[in-house]
Amino acid sequence: MSKSVLRGLRAAALTGTLVLGSPLGSHLALAAENPIKLGVLEDQSGDFAAATIGKVHAIQLAAEEINKAGGIMGRPLELVAYDTQSDNTRYQEFMRRVLQRDKVDVVFAGFSSASREAYRPIVDQFNGFAFYNNQYEGGVCDGHMIVTGAVPEQQFSTLIPYMMEKYGKNVYTLAADYNFGQISAEWVRKIVKENGGKMAGEEFIPLGVSQFSQSIQNIQKAKPDFVVTLLVGTAQASYYEQAASANVNLPMASSVNVGQGYEHKRFKPPSLKDMFVTTNYIEEIDSPKSKEFYAKFKAKFPSEPYVNQEAENSYLAVYLYKQMVERAKSTKREEIRKVIALGDVCMDAPEGKVCIDPKSQHMSHTIYLAKVGADHSISFPKVWEDIKPYWLGEAGCDLTKKDPMAQYTPSNPPPKP
Amino acid sequence: MDIATHVFSALYQFGDAFAFLVLSACGLAVIFGMMGVINLAHGEFIMCGAYVTAATVHAGLPLPLGILAGTLVSALVGVVVELAVIRHLYDRPLDTIVATWGLSLIATQGTLIMVGSTMAGVGTPFGSFQVGDYSYSIYRIVLFCAALGVLAALYALFNWTRFGVLARATIQVPHMAAALGVDTRLVYSLTFACGAGLAGLAGGLYAPTMTLVPTMGATFIMEAFVTVVIGGADVFLGTAPAGGVLAVVKSVMTSWQGQLFGQIGLLVAVIIVVRVLPKGISGFVLRERT
Amino acid sequence: MLDQPRKEVILSTLGLRAGYGGKPVLQGLEIEVREGEIVAVIGRNGVGKSTLMKSLIGLVPAMSGSIVYRGEAVELLPAHKRARLGMGYVPQGRDVFPRLTVGENVAVGAAIKGGGIPEAGRRKIVEAFPILEERWHQRAGTMSGGQQQQLAIGRVLIADPNLILLDEPSEGIQPNIVQEIARNMVELNRRTGVTIILVEQNLDMIRAMAQRCYVMDKGRIVANLDRAALDDAAEMRRHLAV
């Protein structure tokens, strides 16, 4: 158990006694210095830790900056962090704890979609408020959730047409076998079809699989023009090394690699050569805002191996939350959602300008196409600005009117009114 | 595509699956078969071997020496673990399961804290070759040869050396071996070290092909346990044939329906074998023999 | 016997208490055996004869009392160290290594000497037990009880012990093989002066081998019979009666 968990436990014990011991009347007197509590449920150990420890650090960085500058409405921001250990049941356990015992105002939680879908019903049940600061397969239409990560219409409707134009229309998808991989693969299928291409093949890989010889041969047999890799977790990342050593030599497209797991830094070149990734942030982005963010991050966490897209999503989410609370003059979710409904909750993030879409409570992003070179250096052949998370709104999700608390997919869209 | 290409590809996939199963399982099988200890920290010995191999290669050692270093360090760690923990639990098999599980948690989390969430890979050597439409990694052939080599070396060790005879005697009738002058504690220590070293060797051999993270041992564990459960307690009569049978199941199922079915195939094979041969293949062979 | 010079004591116990768990089976047992003797230990079932043998070799721990072997207190030494001091143990039920070949079984016995099987030693045991030569490459578990018994003895002899602890060698074995074993052991004792402690129920075998005999009851020695008493059928039957 990490230090932060111990701190969290101590905080939990303290809160417990406070709540039990204090009559309602004393609540107002405390309010002036009463902190705003932000629960942080991220994987600090386990299979996903490499991609997610940076998220915790980014939240710590933003909180420190905000507290130095006077907090939110004069109230300090207090983090209640637990290590969810890349384990879905831990998410459920800790989500109950932060909502019921720690009584946090907001929770930042989750990396894998499996973990998000594990905790989301608990947020709904206890009427909590959660940020999911992670790229994912899209489709969550839930008033209790704000999603700051990118979604398929932002990552795939840019990436796949680019790849098809450049390399050809035969596409092979290699995806992790759980909700993220399945739904993302559905998006790839849909976009390939819309652009007149053909799926040369698809294979879904159980989480934790690390040996790919047969999959590599299946790909060679199908002769695609490029491979969409939607592999998740460190075990599956072994694919790239094994494909390179078998000389597969096909361009690759992904919404998760580089931007999350910084595989180009971890693997020996040239195993990720010709990998194309759409991401809304990685540390190589060469803009003044990005460089400033990167410098601040490295100053506080010098040994951080990489500042990835989810770290930036988490960082900007803290500032977005500050802005919304200050405009709503409340930490109550319903008051904050009234501010979101105005449609102008935007900020200048390290990646560029981002805004919250009131209908879906997802974010618009600047999408960078990152290309990995033979020496694993990153270049950006293309940048799309202000790409909106349009699909949910177009499909019929409108959280300003109705909150279905559900996740939709292209094959399972919101019911038409 | 001509028939030779298909045959070669099937053989390659079989060999690849066989190597992974056998190399994953050997260390576990030696410790389980020889000592009756179920070592749930097996994956962490593999991780240890992989990490030491990668670290020594980064420090400038050639890969084969790095793998040797990984093997030896794992074996040494095995000696320490045996002296500190396992030795005190020989007559409490259930407790060894809990203790080794605890060790695996400590090792995973300790590595995360001390070495960080990930370690740079070392790259796969030797490049690739082409047969028909397919290209293959030469290193995977090396892995297959290494698996055969390990089986041969184990066979020689346990059948042709004095240590091997004493170890087998100790496993069969421990009190009698002691009464004949065999230092059975030393035999157990060395056997555990041998199993740990084999795990380290597997880690070192696969280090160039995999993502190096503290949890990497877990990706070997399922295959290792499936192979040992099917094979039973004897490395030669069990692990080797089990590796062969499972490699056929896995490569055929995976090429037919993908990785998910490969895994399902392994688990179904376990269920069937455990139902039909409760003591695994080697238990069956030994019963037939006596 | 009396006209010979008295030999050194090779093994003695004093107040030996030993057993499993809380309650000792041996309750202050005392014996004294001299170099070159063949001593039988008899008694009814369950009086602790096998426990005595296991306690002497070190497979059952001594709770109190002492075991002195060739002038050295050995009660705290583990079994393998006692074996290395020259004690050879042939257990009840033989306990050969069933999946090792005959040759490998013998090799385990020879390992104390720190090497392979010496040719002279090998010749010695296959001359005594020709069946071992014949079955040298066969798995020990596939042999008959009598053959296994000969192997268990040969496996001990290969290391040239000074003291052999023979626990019920006749159990479940054909009479002709019992006789052969007894003849071999006596012959060996005459030739090399090896000391033998024999736990046995078979009166013929006791008479064929032993020079004197301890009688055990309830974990203690209750009588020490001389050679003449061994030949007294009524006396012996009384001690062996179940």
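Residues numbered from 1 in each chain as written. Chains lettered and ligands numbered in written order. Predicted model: local features only at pLDDT ≥ 70, side-chain atom pairs only at ≥ 80, totals over all residues.

**A short note on the overall build of chain C**
Part 1 of the reasoning: Within chain C, the secondary structure is distributed over 10 helices and 11 strands.
Part 2 of the reasoning: Against the globule reference of 18 Å for 242 residues, chain C gives a C-alpha radius of gyration of 17 Å, in line with a compact fold.
Part 3 of the reasoning: Seen along its three principal axes, the alpha-carbon backbone of chain C occupies a region of about 45 × 40 × 40 Å.
Part 4 of the reasoning: A buried classification covers 46% of the 242 residues belonging to chain C.
Part 5 of the reasoning: Sequence-distant contacts in chain C: of pairs separated by 6 or more residues, those separated by 24 or more amount to 70%. (Helix = DSSP H or I, 4+ residues; strand = E, 2+ residues; numbered from the N terminus. Rg over C-alpha atoms; globule rule 2.2 N^0.38 Å. Buried ≥ 20, exposed ≤ 12 C-beta atoms within 10 Å, placed from the backbone. Contact = placed C-beta atoms within 7 Å.)

**Details of the interface of chain C and chain B**
Part 1 of the reasoning: With 23 residues of chain C at the interface, the matching set in chain B holds 18 residues.
Part 2 of the reasoning: Taken together, the elements giving at least two residues each to the side of chain C that touches chain B come down to α2 (79–84) and α3 (102–110) of chain C.
Part 3 of the reasoning: Split into classes, the residues belonging to the side of chain C that touches chain B amount to 14 nonpolar, four polar and five charged. (Nonpolar A, V, L, I, M, F, W, Y, C, P; charged D, E, K, R; others polar.)

**Topic: the pairing of strand β12 (residues 346–349) of chain A**
Residue and element names in this part refer to chain A.
Part 1 of the reasoning: Looking at chain direction, β12 and strand β13 (residues 352–357) are connected through four bridges and run antiparallel. Residue Cys-346 lies in a different strand from β13, and its bridge partner there is Cys-355.
Part 2 of the reasoning: Taking the residues that link successive antiparallel strands as the turn, the β12-β13 hairpin has two residues. (Pairing = 2+ DSSP bridges.)

**Description of the sheet that holds strand β14 (residues 362–363) of chain A**
Residue and element names in this part refer to chain A.
Part 1 of the reasoning: Sheet architecture is open: three strands sit in the order β12-β13-β14, paired in antiparallel fashion. Pairing within the sheet leaves two strands with one partner each, and these edge strands are β12 and β14.
Part 2 of the reasoning: Both β13 and β14 contribute to a ladder of two bridges, which runs antiparallel. Within the sheet, the bridge partner assigned to Ile-356 lies in β14 and is Met-363.
Part 3 of the reasoning: Relative to β12, helix α13 (residues 309–328) is tilted by about 140°, and along the sheet it contacts β12 and β13. (Axes fitted to C-alpha atoms, helices over the stretch in contact; angles between N-to-C directions.)

**Details of the arrangement of the chains**
Part 1 of the reasoning: Ranked by contact count, the leading pair among the two pairs of chains in contact consists of chains A and B.
Part 2 of the reasoning: These two, chain A and chain C, are apart from each other, with no contact and a minimum C-alpha gap of 37 Å.

**Things to note about the interface of chain A and chain B**
A common way to express how large an interface is: the accessible area buried when the components associate.
Part 1 of the reasoning: On the chain B side, the residues contacting the 35 residues of chain A number 37 residues.
Part 2 of the reasoning: Among the elements of the structure, α3 (49–68), β8 (198–205), α8 (213–222), α9 (233–236) and α10 (238–245) of chain A are those that each provide at least two residues to the side of chain A that touches chain B.
Part 3 of the reasoning: Top contributing element to the side of chain A that touches chain B by residue count: α8 of chain A, with six residues.

**Observations regarding the environment of Val-192 of chain A**
Residue and element names in this part refer to chain A.
Part 1 of the reasoning: Within the secondary structure, Val-192 is located in helix α7 (residues 179–194).
Part 2 of the reasoning: On the neighbour-count criterion, Val-192 (23 C-beta atoms within 10 Å) is buried.
Part 3 of the reasoning: Along the primary structure Val-192 and Ile-387 are separated by 195 residues, whereas in three dimensions their C-alpha atoms are 19 Å apart.
Part 4 of the reasoning: Sequence-distant contacts of Val-192, defined by excluding residues within four places in its chain, comprise Ile-160, Val-171, Gly-197 and Met-199.

**Digging into the UniProt feature "transmembrane region" (unreviewed entry) in chain B**
All names here are of chain B.
Part 1 of the reasoning: In the UniProt entry, the feature "transmembrane region" (unreviewed entry) is given for residues 17–38, 67–86, 98–117, 137–158, 188–208, 220–240 and 260–277.
Part 2 of the reasoning: As annotated, residues 137–158 has a helix share of 95% and a strand share of 5%, and its two end C-alpha atoms lie 33 Å apart.
Part 3 of the reasoning: Within residues 260–277, the helical portion is 94% and the strand portion 0%, while the C-alpha atoms at the span's ends are 25 Å from each other. (UniProt positions renumbered as here; feature names shortened; annotations may be inferred.)

**Quick look at the nonpolar core**
Part 1 of the reasoning: The biggest cluster of nonpolar side chains holds 306 residues, and the ones touching the most others in it are Met-95 of chain A, Leu-23 and Cys-26 of chain B together with Val-108, Leu-165, Leu-198 and Cys-213 of chain C.
Part 2 of the reasoning: Looking at this core element by element, the count peaks at 17 residues for helix α1 (residues 3–35) of chain B.
Part 3 of the reasoning: Each of two domains, domain 1 (3–150 + 287–364 + 389–407) and domain 2 (152–279) of chain A, supplies a minimum of three residues to this core. (Core = buried A, V, L, I, M, F, W, Y, C linked by C-beta atoms within 7 Å. Domains from an automatic or database assignment.)

**Quick word on the pairing of strand β2 (residues 77–83) of chain A**
All names here are of chain A.
Part 1 of the reasoning: Among the seven residues in β2, six count as buried, and that is most of the element.
Part 2 of the reasoning: In this structure, strand β1 (residues 36–42) lies alongside β2, joined through seven bridges in parallel fashion. Counterpart to Leu-41 in the pairing with β2 is Tyr-82.
Part 3 of the reasoning: Once the chain exits β1 it traverses α3 before rejoining the sheet at β2, and the crossover so formed is right-handed. (Right-handed = clockwise from strand over helix to strand, strands pointing away.)

**Focus: the sheet that holds strand β4 (residues 130–132) of chain A**
Residues and elements named next belong to chain A.
Part 1 of the reasoning: Read across the open sheet, the five strands follow the order β2-β1-β3-β4-β6; overall the sheet is parallel. Sheet topology places β2 and β6 (145–147) at the edges, where each strand pairs with a single neighbour. Each adjacent strand pair in this sheet contributes to an overall mean axis angle of 20°, direction not counted.
Part 2 of the reasoning: Strand direction decides the pairing type here: β1 and strand β3 (residues 106–109), joined by four bridges, are parallel. Counted as the bridge partner of Leu-41 is Ala-109 from β3.

**Thoughts on the packing of α13 of chain A against helix α14 (residues 333–341) of chain A**
Residues and elements named next belong to chain A.
Part 1 of the reasoning: Where α13 meets α14, the axes come as close as 9 Å, and the angle between the chain directions of the two elements is 100°. Our classification of the angle between α13 and α14 gives roughly perpendicular. On the side of α13, the interface is formed by Met-324, Val-325, Arg-327 and Ala-328, while α14 contributes Glu-335, Ile-336, Lys-338, Val-339 and Ile-340.
Part 2 of the reasoning: In terms of residue class, the contact of α13 with α14 is built from six nonpolar, no polar and three charged. (Parallel < 35°, antiparallel > 145°, perpendicular 65-115°, else oblique.)

**Here we look at unusual backbone geometry**
Part 1 of the reasoning: Residue Pro-269 of chain A is joined to Pro-270 of chain A through a cis peptide bond whose omega torsion reads 5°.
Part 2 of the reasoning: Along the polypeptide, Pro-270 of chain A turns up in the loop between α11 (263–266) and β11 (275–279).
Part 3 of the reasoning: Phi is positive for Asp-274 of chain A, which is not a glycine, with a value near 65°.
Part 4 of the reasoning: The topology assignment puts Asp-274 of chain A in the loop between α11 and β11.
Part 5 of the reasoning: Positive phi outside glycine occurs at Glu-168 of chain C, with the angle close to 45°.

**Let's talk about the packing of helix α6 (residues 152–167) of chain A against α7 of chain A**
Residue and element names in this part refer to chain A.
Part 1 of the reasoning: Packing of α6 against α7 brings their axes to within 10 Å, and their N-to-C directions diverge by 45°. Classed by the angle they form, the pair α6 and α7 counts as oblique. The chirality of how α6 crosses α7 is right-handed. On α7, the residues that touch Pro-152, Phe-156, Ser-157 and Ile-160 of α6 are Ser-184, Trp-187, Val-188, Ile-191 and Val-192.
Part 2 of the reasoning: Residue composition of the contact of α6 with α7, by class: seven nonpolar, two polar and no charged. (Left-handed = near helix turned anticlockwise from the far one by under 90°.)

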